[in-house]
Amino acid sequence: MSPGGVLDVGQRTLATGASPDARPEDPRREEQALLVRLRRGEPEAFEALVHQHQDRLYDFCFRMLGDREEAHDLVQEVFVSVHQHVRRFREDSRLSTWLFRISKNHCLNRLKYLQRRGRGRSDVFDEVSAAAIAEGGGAPPQPDAALDAARERARVQRAISQLDPDARMLVALRDIEGLSYDEIVDITELPEGTVKSRLHRAREKLADLLGRFEP
C-alpha cells in the first residue's frame, strides 16, 4: 500500500471528528464569542466547549495512547487544564488548535509516564483494544459489512500504535482529524517543512506496517 493509500484508509475508516468542510462558516467569530464567555467564568460556556470538542479530543487521545480508558482519563485532565488556564490563552492560534496543543502535550507526557512504568495500559492494544474494536466492544452482532469495517479500523489502529509518538501524532492530526498544515504547525510548534517531511516518513512506515498485518 502506498502512503497515499494509507491516507485514504485513515480518512475512510478512522475519522470520527467533523471534516474541515463541515465546520461552521465563521468558526473564528464563534470561538471568539465563546472565549469571552469562558473568561467570564460562565458555566454554560464551559459546558458548550466540552460538548463541541470532547469527541475529537477523545479520538485524538485514543489514537495516541491506544487505550480507551487512558484516553477517557486524559480528556478529563485536558479540560481541567483548559478551565484553569483559559484566561492566560494568548489567542496566538484558534481556540480549537490550542485544545489540540494541550491534548498533544498531555498525551506525550502520559506516554513517557507509561514507558517509565514499563508495560502500561497503552501497551496492551494488540491483546485487548483490537479485539474490542473488531467485535464491537460487546455490542450485539453486526452485519458483515459493519464488522469488516470495525476489523479494518482495528487493523489500522494497531499499525498506528506501532509508530513512534511523534509520527503517531502527525498521522492522527493530519490523516484522521483532517487538520490543515497551518493548524498542525501551531499544535506541534514545528516548521511546516519538518511537519511535511516527518509526516511523509510516518505514512511510509504506516504503509509498511499495514502490509504486515492480516486484513
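Residues numbered from 1 in each chain as written. Predicted model: local features only at pLDDT ≥ 70, side-chain atom pairs only at ≥ 80, totals over all residues. Heavy atoms only, no water.

J.: Just checking my understanding: could you explain the side chain of T97 for this structure?
T.: Along the chain, T97 falls in helix α5 (residues 95-117). Relative accessible area serves as the criterion here: at 3%, T97 is assigned to the buried category. (Helix = DSSP H or I, 4+ residues; strand = E, 2+ residues; numbered from the N terminus. Buried < 20%, exposed > 50% of the residue type's maximum accessible area, 1.4 Å probe, protein only.)

J.: What's the story with the packing of helix α3 (residues 43-65) against helix α8 (residues 165-176) in this structure? I'm lost.
T.: A pair of packed helices is characterised by two quantities: the angle between their axes and the separation of those axes. Where α3 meets α8, the axes come as close as 9 Å, and the angle between the chain directions of the two elements is 145 degrees. For the pair α3 and α8, the crossing hand works out as right-handed. Here D59, F60, R63 and M64 of α3 lie close against α8, whose contacting residues are P165, R168, M169, A172, L173 and I176. A per-class count over the contact of α3 with α8 returns 7 nonpolar, no polar and 3 charged. (Axes fitted to C-alpha atoms, helices over the stretch in contact; angles between N-to-C directions. Left-handed = near helix turned anticlockwise from the far one by under 90°. Contact = heavy atoms within 4.5 Å. Nonpolar A, V, L, I, M, F, W, Y, C, P; charged D, E, K, R; others polar.)

J.: Any chance you could explain α3 here in plain terms?
T.: Think of an α-helix as turning once every 3.6 residues; residues three or four places apart then point the same way. The largest bend in α3 comes to about 50 degrees, at H53. Just downstream of α3 lies G66, where phi reads positive at about 70 degrees. (Bend = angle between axes of the 7 residues up to and from the residue.)

J.: Just to check I follow, could you spell out the packing of aromatic side chains for this structure?
T.: Each pair of aromatic rings is reported with the distance of its centres and the angle of its planes. Counted according to the given criterion, the structure contains 3 aromatic pairs. Here F46 and F79 contribute two aromatic rings whose centre-to-centre distance is 6.2 Å and whose plane-to-plane angle is 85 degrees, an arrangement assigned as edge-to-face. Here the residue F46 occupies a position in helix α3, and F79 occupies one in helix α4 (residues 68-85), the gap between them amounting to 33 residues. A centroid spacing of 4.6 Å and a plane angle of 20 degrees characterise the contact between F89 and W98, whose relative ring orientation is stacked. The residue whose ring lies beneath R68 is F62, and the NZ or CZ to ring-centre distance is 4.3 Å. Above the face of the Y181 ring, K196 is positioned so that its terminal group lies 5.0 Å from the ring centre. (Phe/Tyr/Trp six-rings, centres within 6.5 Å; stacked < 30°, edge-to-face > 60°. Lys NZ or Arg CZ within 6 Å of the ring centre and 35° of its normal.)

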